[in-house]
Each structure stands twice: as structure tokens, then as C-alpha cells.
Amino acid sequence: MADDKNARDFYKLRYAAEAEALQIKVFSEADPGYFGQGSWTSTADYDRLFDWLDAGPEHVVLDIASGGGAPALRLAERRGCKVAGIDRSADAVAAASRRAADHGLADRVAFKAADAAARLPFDDRSFDAIVSVDGLIHLPDRPRVLAEWARVLKPGGRLAFTDQIVTGPIMNTELAVRAPDFTFLITHPGYNEDLLAAAGFDLLRREDLTGTIAWLARGHWQARERHREALVALEGQERFEVLTAYRRMAETLATERRLSHVAFLARRRG
């Protein structure tokens, strides 16, 4: 499918060695606290979600859609826990594994390639907590996904995730600009709450992060414009314009509160 090819190309470029130094510049200018994350979540919000998990040295956490691995490593360092990360991109998993070795954390943080939309490659009740930052939007069969997360989570285990939720009218053309490379599911208020309850979770907290995404998106497109020449050389003119427009649209939709970014914390019953 075209969407799958676009996603593969997107991740291949993101995790290419020649792109790393430039990406660090752009991301660091957008978020001065940048630690290597590739999502629409600030460092401060990552740390808050990690603390919500209440994980410690005796716990094992599953990071779903772990990307280049920086968030999993930060979680392990911040909370002292073990972390297993999965991502469908082999390039991301390779980059994450190198990063874990470079940080001396390969004994506590491990990554594997796996499709989070399918049955997870883990036994029942394997994890004390699950975190997924900006990953759920790419998993359209959400009832099945949440049921699978409940399966691998121990009773009483915590689940923290972020999601995009429609909170105002959006044109289809705006959505096409907002996410040019992926098939994704955006939902209405209350949708996640109902599915969490049906999957065996109790909702503990819901926090709106939309103001942060507006700030990050603005910082990203402005930084990309400052580094236009170098980015065009790497991405090509057409690709540069597409990715910069995507960030501008993200700022618009968030600033106007038409597409909201929300964090959830839930606990598995039992």
C-alpha cells in the first residue's frame, strides 16, 4: 500500500545516520529539553507520563511504538526499571538497540521488531506497566489493541498513553496535510474511556496536552525554515515542503483546539 511505503520511507530517513545531526539541531531548537524523542510530546510531558507509571527497579515496562529508543532509555534511567520496546520499523529497532548499548543500558532495555496491531510476542501478564506515546493513533482496531494490552499487563498494572481527539470541525484536506505519510484513526471525546472500561481498565487520569503540541509544532516548522537549505539537500524540495506544511497544520489545528492531544492513565482491573 502507498501508505506503508510512505511510512517506510519516512522512518528510513528519520533513522539514517546522515540525518541524525540535523535532526538533533531542529528538534533541540523546537524543545530545549529535547532528549532524542521523535513524537509530538515534550520532554516535560514524557517525564510526567513516566512518573504516572509508578515503576521502580522491580518492575518491567513495555514501550509500544518505541521508535529510536530514547524515551525507553530515559524511562529506565528515570525510574530504574527494565523496559522492553517494540516498533514495526526495523530501522528504528536497530537505532534503538545501538543507543541502548551506547548508554550502557542493554542489560535493562531491549528492543524488538513487532507489529503492535497484531498479537504481541509476549506471554500473559508479562508487564507491570505499559506506555505508548503517540502510537495508538496508528492502530485502528482499538478494541483489539486494548484487549491485547490488558492481556500482557499484570492485574493492577498501569497504562499510560497519548491520543489525538477531534474537538472541532476539520476538513479532509487539512487532515491530509496533518498526516501525509500514515493511515491513522482519530476519535471523538469519550471513545477511549468507553473502550478502556470494556477492556478491563479503570481510568485514573485524563490530561489535555494540546497547548504543548501547538508550541512544539510552531517550534518545529520555524526551526525547519531556519535550516531550509540543509534539509532540502537531505529531503529534497518537495519532501521538505510536505513535512514543513504538516507541522504548520499541526500548530493551526492545536491552536484552534480542533484536534486535541490528550494523555490517559488507566489501571488494569483484577
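Shown above is the structure to which this text applies.
Note that this is a predicted model, so its numbers are computed, not measured.

What counts and what doesn't
- Starting afresh in each chain, residues are numbered from 1 along the sequence in its written order.
- Owing to the predicted nature of the model, reporting of local features is limited to residues with pLDDT of at least 70; listing and counting of side-chain atom pairs is limited to 80 or more, with chain, interface and lining totals taken over all residues.
- In computing side-chain properties, one takes all heavy atoms of the structure into account and sets aside hydrogens as well as water.
- What counts as a salt bridge is simple: a side-chain nitrogen of Lys or Arg found within 4 Å of a carboxyl oxygen of Asp or Glu.
- Working definition: helices are DSSP H or I runs of at least four residues, strands are E runs of at least two. Numbering for both runs from the N terminus.
- Accessible area is worked out with a 1.4 Å probe on protein chains only. A residue is then buried under 20% of its type maximum, exposed over 50%, and partly exposed in between.
- Stacked, tilted and edge-to-face are the three classes applied to pairs of Phe, Tyr and Trp rings, where Trp contributes its six-membered ring and a pair requires centres within 6.5 Å; stacked means planes under 30 degrees apart, edge-to-face means over 60, and tilted covers the rest.
- Two conditions define a charge sitting above a ring: the NZ of Lys or the CZ of Arg must be within 6 Å of the ring centre, and it must be within 35 degrees of the ring normal.
- Residue contacts are counted whenever heavy atoms from the two residues lie within 4.5 Å of one another.
- For two strands to count as paired, DSSP must find a minimum of two bridges between them.
- Between N-to-C directions, angles cover 0 to 180 degrees, with each direction set by a line fitted to C-alpha atoms, over the stretch in contact for helices.
- The cut-offs work like this: below 35 degrees is roughly parallel, past 145 is roughly antiparallel, 65 to 115 is roughly perpendicular, and the gaps in between are oblique.
- Here is the rule for handedness: rotate from the far helix to the near one, and if that takes an anticlockwise turn smaller than a right angle the crossing is left-handed, while a clockwise turn gives right-handed.
- A clockwise course of the path from the first strand over the helix to the second, judged with the strands pointing away from the viewer, identifies a crossover as right-handed.
- The span you would expect from a helix comes to 1.5 Å times its residue count less one.
- Picture the helix axis, draw a direction to every C-beta atom, and the arc is the one those directions span.

Novice: I'm lost on the pattern of salt bridges in this one. Help?
Specialist: Any two side chains of opposite charge can pair, given that their charged atoms come close. Within the structure shown, the criterion is met by 22 salt bridges. Here Arg 78 makes a salt bridge to Asp 51, at a shortest N to O gap of 2.8 Å. Taken together, the residues span a long stretch of sequence, with Arg 78 in helix H4 (residues 70-79) and Asp 51 in helix H3 (residues 43-52) at a distance of 27 residues. What makes Asp 51 partly exposed here is its relative accessible area of 32%. One salt-bridge network, held together by shared partners, links Asp 47, Asp 51, Asp 54, Arg 74, Arg 78 and Arg 79.

Novice: Would you take a moment to explain the packing of aromatic side chains for this structure?
Specialist: The relation between two aromatic rings is expressed through the spacing of the ring centres and the mutual angle of the planes. If you walk through the whole model with that rule in mind, you get six aromatic pairs. Between Trp 149 and Phe 161, the aromatic rings sit 6.3 Å apart at their centres with planes inclined by 65°, giving edge-to-face as the arrangement. Residue Trp 149 is located in helix H6 (residues 142-152), and its partner Phe 161 is located in strand S5 (residues 153-166); the two are separated by 12 residues in the primary sequence. Each member of the pair, Trp 149 as well as Phe 161, carries the same accessibility label: buried. The rings of Phe 35, Tyr 46 and Phe 50 are connected pair by pair, giving a single aromatic cluster. Positioned over the ring face of Phe 35 is Arg 74, at 4.6 Å from the centre of the ring.

Novice: Would you explain the environment of His 188 in this entry?
Specialist: Structurally, His 188 can be placed in the loop between helix H7 (172-178) and helix H8 (191-199). With relative accessibility at 46%, the residue His 188 sits in the partly exposed group. Sequence separation between His 188 and Ile 170 is 18 residues, and the spatial gap between their C-alpha atoms is 12 Å. Ignoring anything within four residues of it in the chain, the contact list for His 188 reads Ile 165 and Val 166.

Novice: So what exactly am I meant to see when it comes to the sheet that holds strand S7 (residues 259-268) here?
Specialist: Whenever strands of a sheet pair, they do so through backbone hydrogen bonds, lying parallel or antiparallel. If you trace the seven strands from one edge of the open sheet to the other, you get S3-S2-S1-S4-S5-S7-S6, paired in mixed fashion. The sheet terminates laterally at strand S3 (109-113) and strand S6 (201-208), the two strands that pair on one side only. This sheet shows a mean twist of 20° between the axes of neighbouring strands, independent of strand direction. Here strand S4 (residues 127-132) runs beside S5; their pairing, made up of five bridges, is parallel. Counterpart to Ser 132 in the pairing with S5 is Phe 161. Lying over the sheet, H6 contacts strand S1 (60-64), S4, S5, S6 and S7, oriented at roughly 150° with respect to S5. Lying over the sheet, H8 contacts S5, S6 and S7, oriented at roughly 160° with respect to S6.

Novice: Sorry, what's going on with the packing of helix H9 (residues 210-226) against helix H11 (residues 237-255) here?
Specialist: Helices that pack against each other are described as a pair by the angle of their axes relative to one another and the distance between those axes. For the pair H9 and H11, interaxial distance at closest approach is 8 Å and the crossing angle is 150°. Judged by the inter-axis angle, H9 sits roughly antiparallel to H11. As for how H9 packs across H11, the hand of that crossing is left-handed. The residues of H11 that touch H9, namely those facing Thr 210, Ile 213, Ala 214, Ala 217, Arg 218, His 220, Trp 221, Arg 224 and Glu 225, are Arg 239, Phe 240, Leu 243, Thr 244, Arg 247, Arg 248, Ala 250, Glu 251, Ala 254 and Thr 255.

Novice: Honestly, the pairing of S3 in this entry has me stumped. Any pointers?
Specialist: On a regular strand, one side chain projects to one face of the sheet and the next to the other, so that they alternate. As paired strands, strand S2 (residues 82-87) and S3 are joined by five bridges and run parallel to one another. Counted as the bridge partner of Ile 86 is Lys 112 from S3. A crossover links S2 with its parallel partner S3, the connecting element being helix H5 (residues 90-102), and its sense is right-handed.

Novice: I would appreciate a short explanation of H5 in the present structure.
Specialist: Residues that lie three or four places apart on an α-helix share one face, since the helix turns once every 3.6 residues. The first and last C-alpha atoms of H5 sit 18 Å apart over 13 residues, in line with the 18 Å expected at 1.5 Å per residue. For H5, every residue scored as buried is listed here: Ala 92, Val 93, Ala 95, Ala 96 and Ala 100. Down the axis of H5, the smallest arc covering the buried residues is 165°, so these residues share one side. Exposed residues lying more than 90 degrees from the buried face of H5 are Ala 90 and Asp 102. Where H5 is buried, its residues meet H4, S2 and S3.

Taken by themselves, the reported measurements are silent on function.
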